[in-house]
Amino acid sequence: MNALFFGSFLAAMATGLPIAIAMALGSLLYIWIEGSIPLLSVVHRMVGGIDSFPLLAVPFFIYAGNLMNSAGITNRIFGFALALVGWLKGGLGHVNVVGSVVFAGMSGTAIADAGGIGTIEIKAMKDHGYSTEFAVGITAASSTLGPIIPPSLPLVIYGVQANVSIGQLFAGGLLPGVIMALFMMAMVTYFAHVRKYGRDTPFSWNRMGRAFVELIAVAIAAVVLFMLWGNPDIGGLLKFGVPLAVVLVVDRLLKFEAFMALMTPIILIGGMASGLFTPTEAAVAAVAWALFLGFVWYRTLNWRMLVKISMETIETTATVLFIVAAASLFGWVLTTTQITEQIATTVLNFTDSPWVFLLLANVFLLFVGCFMETIAAITILVPVFMPILARLDIDPVHFGLILTLNLMIGLLTPPVGMVLYVLQKVARISFERTVAAVLPWFFPLLAVLALITYVPQVVLWLPQQLFVK
């Protein structure tokens, strides 16, 4: 029966069916032939899989990312990054990374990063004489920051499947995300030295100074918000109205480039860390902030655009939740047949070392990422890995970041790497050239993967500081 279950699932995938349908077909065939499970329970399991409060974050984070993308905020982020680091050698490569760091704090997905700010970055780099391959490679690599730096759609799905605090997962992604950005900027510096890339904008104390003042203003606002929101004795107008009014006045008086956009991750992380709202409620706050910026502050959105963005969000959300529903049924069958326990026993008979297991898990996940979409991979594999993590005493927050980074690298690998297809279309080059352009950028990504795998505190330090277990 187990062979029938897996065989039908793999056969359905081999025919080219979407993986969600393949999971559902394999599960339904097993239930039908096994005969003792009421078919009505199939509906209950699939509905139960998506009847989850934390999963409400999925459509709202998708919606927030789409709103930010369509409200012209990507142009402001690009302008801010250009002022901050565009004067360095290989400047637009550094701008690409910094812009992705900022946008990662809003979108939560690599696809949104590549298709949003990546479109602006590739055009600008080509116009300034950079090779198309270099522009595509750095854009692909920096897009992986989207799901590592919070908010993150894959981490929400992982947190629901693994029953892990999404707030801790979000906090765990901050330091690895910063390290990834630094490694990529080091790679840009190397290419700039070897290929003799120059500066893309003249050095200006005034322009760079304004960018630093903007960063300092964001940092001050972050400290003030964290203090106010974390103090239960302060409430009402002082906690919400006054800080918002000050932020708006500062932005209007100093005419910052991207101050309000930079405040997005501050509001989300600050609200979650202070207990003001849950990660699910943070997604709603992100949408409210995006609507405020688009309609009121920047006035770049209109009702026609809102309808279009809403329909796109509904379509994407339906796809994601159907995968989750099918995977819930698939995972339930895995548990019922005790396949997960058998896999755990087999792995533990091979090795009882957490470090060896993590090495094997990385190799396996890198392979899986070549062939499987991120959300589907998370929903299928988490039930398999959780018993092993429990027995080897591996922190699920730590493993969540390892899993997510592996699957983000998978987005850059053929044949299923979705970022490759997006950038191929944006840059208008062949798929083969796109793959070749991305290859050098695996070095910094794999280096960070090794670091977070074998130095767990890189992931766990911040959650331990912000959250009391």
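Just so it is clear, the model here is predicted, and its values are computed rather than measured.

A. Region of interest: the pattern of salt bridges. Tallying each qualifying case throughout the model produces 3 salt bridges. Two residues, Lys123 and Asp127, come together in a salt bridge whose shortest N-O distance is 3.0 Å. Residue Lys123 and its partner Asp127 are located together in helix H8 (residues 117-127), separated by 4 residues, close to a single helical turn. The exposure classification of Lys123 matches that of Asp127, with both residues exposed.

B. Up close: the layout of surface pockets. Taken as a whole, the largest pocket holds about 890 Å³ of empty space. As for the largest pocket, its lining consists of 34 residues, of which Thr109, Ile111, Ala112, Thr316 and Glu373 are closest to the centre. For the lining of the largest pocket, the class distribution of residues is 21 nonpolar, 11 polar and 2 charged. Reported here for the second largest pocket is a volume of approximately 720 Å³. Forming the boundary of the second largest pocket are 27 residues, of which Val101, Ile149, Leu174, Val178 and Pro265 lie nearest the centre. Residue assignment for the lining of the second largest pocket shows that the elements contributing at least two residues are helix H5 (73-85), helix H6 (91-107), helix H11 (166-195), helix H12 (205-229), helix H14 (259-273) and helix H24 (457-466). With 6 residues, H11 is the single largest residue contributor to the lining of the second largest pocket. Residue composition of the lining of the second largest pocket, grouped by class: 26 nonpolar, 1 polar and no charged.

C. Looking closely at the packing of aromatic side chains. Enumeration over the complete set of coordinates arrives at 21 aromatic pairs. Consider the rings of Tyr130 and Phe134, whose centres lie 5.8 Å apart with planes at 20°: the pair is stacked. For Phe134, a relative accessible area of 3% corresponds to the buried category. Aromatic pair Phe357 and Phe385: ring centres 6.1 Å apart, planes at 70°, arrangement edge-to-face. Taken as a pair, Phe357 in helix H18 (residues 354-369) and Phe385 in helix H19 (residues 374-392) lie far apart in primary sequence, 28 residues in all. Phe385 carries the same exposure label as Phe357, and that label is buried. By the ring-pair criterion, three or more aromatic residues cluster together here, those being Tyr130, Phe134, Tyr190, Phe191, Tyr197 and Trp441. Across the ring face of Tyr298, the terminal group of Arg76 is positioned such that the distance to the ring centre comes to 3.9 Å. Positioned above the aromatic ring of Trp297 is the side chain of Arg252, whose terminal nitrogen or guanidinium carbon lies 4.2 Å from the ring centre.

Reading the values: rules and limits
- Residues numbered from 1 in each chain as written.
- Predicted model: local features only at pLDDT ≥ 70, side-chain atom pairs only at ≥ 80, totals over all residues.
- Heavy atoms only, no water.
- Salt bridge = Lys/Arg side-chain N within 4 Å of Asp/Glu carboxyl O.
- Helix = DSSP H or I, 4+ residues; strand = E, 2+ residues; numbered from the N terminus.
- Buried < 20%, exposed > 50% of the residue type's maximum accessible area, 1.4 Å probe, protein only.
- 1 Å grid on protein atoms, 1.4 Å probe; cavity = no way out; pocket = protein on both sides within 12 Å on 5 of 7 lines; lining within 4 Å.
- Points joined across faces, edges and corners; volume = space filled by probe spheres on them.
- Nonpolar A, V, L, I, M, F, W, Y, C, P; charged D, E, K, R; others polar.
- Phe/Tyr/Trp six-rings, centres within 6.5 Å; stacked < 30°, edge-to-face > 60°.
- Lys NZ or Arg CZ within 6 Å of the ring centre and 35° of its normal.

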